[in-house]
Amino acid sequence: MGGHSNWPEWIYVGIVIALMTWVGAEAWEAERLVEHVPEDAETIIVTGQQWFWTFEHEDGTKEIGELHVETGKAYKFEIVSTDVIHSFNIHDYVVLMDAVPGRVNTVWFAPDAPGVHDIQCREYCGLIHYNMRGTLYVEDPA
Ligand SMILES: [Cu+2]
């Protein structure tokens with residue numbers, strides 16, 4: 001045993017472990033926030049088909065090609081397809097989820113300000129794919 005001390009190395013190891021724990025916890029929290037659908041979210045069934053989107057609200061109201069939602073609420077999209085693979089995209093709200101035949105994909109969002117936004121299909125799905133668009137209307141509650 002020379003006069004060598006290990007404590008600088010142990011401090012270094014401790015700092016590395018603390019940093020890795022912190023980065024891991026941050027990533028886990030971000031993941032949880034993105035994945036966790038709020039309890040009170042309203043469900044909207046989104047159906048993709050060649051070449052339009054249909055939206056069905058919880059009360060049974062259906063909209064084709066346009067979707068009306070309110071600020072201050074959270075919405076869970078249950079996304080399905082009746083034919084080929086589409087991809088539901090609200091670019092302004094960073095909503096992007098595939099619509100796959102035979103399964104239900106979910107994604108949620110909570111619009112915060114009134115406005116009008118584009119909805120589009122992000123997966124080439126046939127001849128008129130380019131026209132598979134819709135409009136999102138975010139309105140303040142009446
Ligand atoms: Cu499509």
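Sequence order as written defines the numbering, with residues in each chain counted from 1. For a predicted model such as this one, the threshold for reporting local features is a pLDDT of at least 70, and the threshold for listing and counting side-chain atom pairs is 80 or more; totals across whole chains, interfaces and linings nevertheless cover every residue. By convention in this description, side-chain values take in all heavy atoms of the structure and omit both hydrogens and water.

Visitor: Tell me what's going on with the coordination of the copper ion, and back it up with residues and numbers.
Guide: In this listing, donors mean N, O and S atoms no farther than 2.8 Å from the metal, or 3.2 Å for Na, K and Ca; water is missing from the atoms, so a site can look incomplete. In this structure, His86 (ND1), Cys121 (SG), Cys125 (SG) and Met132 (SD) serve as the protein donors to the copper ion, at separations of 2.0 to 2.3 Å. Each label reflects the angles at the metal, where four donors whose angles all fall between 85 and 135 degrees are tetrahedral, four or six donors whose opposite pairs open beyond 155 degrees and whose other angles stay between 65 and 115 are square planar or octahedral respectively, and the rest are irregular. Each of the four donor atoms around the copper ion contributes to a set of angles spanning 97 to 123°, which defines the coordination as tetrahedral. Remark: exposure states derive from per-residue accessible area (1.4 Å probe, protein chains only) relative to the maximum for the residue type, with buried under 20%, exposed over 50%, and partly exposed in between. By relative accessible area, Cys125 is classed as buried at 4%.

Visitor: Could you give an account of the pairing of strand β4 (residues 66-70), naming the residues involved and the relevant values?
Guide: Because side chains alternate across β4, one face comprises the buried residues Leu67 and Val69, and the other comprises Glu66, His68 and Glu70, none of which is buried. Across five bridges, the pairing between β4 and strand β10 (residues 133-139) is parallel. The residue bridging His68 from the neighbouring strand is Tyr137, located in β10. Helix and strand definitions follow DSSP, with helices as H or I runs of at least four residues and strands as E runs of at least two, each counted in order from the N terminus. Here, any two strands with at least 2 DSSP bridges between them count as paired.

Visitor: Tell me about the nonpolar core, residues and numbers included.
Guide: Put simply, a nonpolar core is a bunch of buried Ala, Val, Leu, Ile, Met, Phe, Trp, Tyr and Cys residues held in one set by side-chain atoms that sit within 4.5 Å of each other. One finds Trp53, Phe77, Phe88 and Leu136 to be the most contacted residues of the largest nonpolar core, which totals 22 residues. If one sorts the elements of this core by residue count, strand β5 (residues 75-81) sits on top with three residues. Throughout, a contact is declared for two residues whenever any of their heavy atoms are within 4.5 Å. Excluding its chain neighbours within four sequence positions, the residues that come into contact with Leu136 are Leu67, Val69, Ile90, Tyr93, Phe109, Gly115, Val116, His117 and Ile119.

Visitor: So what's going on with the packing of aromatic side chains? Residues and values would help.
Guide: Note on ring pairs: Phe, Tyr and Trp rings are taken, using the six-membered ring of Trp, and paired if centres are within 6.5 Å. Classes follow the plane angle, with under 30 degrees stacked, over 60 edge-to-face and the rest tilted. Scanning all chains against the criterion turns up six aromatic pairs. Plain terms: the ring middles of Phe77 and Phe88 are 5.1 Å apart, the flat faces sit at 65° to each other, and that makes the pair edge-to-face. Of this pair, Phe77 sits in strand β5 while Phe88 sits in strand β6 (residues 86-90), and the two are eleven residues apart along the sequence. Across the pair, exposure class does not vary: Phe77 and Phe88 are buried alike. With 5.2 Å between their ring centres and 25° between their planes, Phe77 and Phe109 make a pair best called stacked. Of this pair, Phe77 sits in strand β5 while Phe109 sits in strand β8 (residues 105-109); the two residues are 32 residues apart in sequence, bridging distant segments of the chain.

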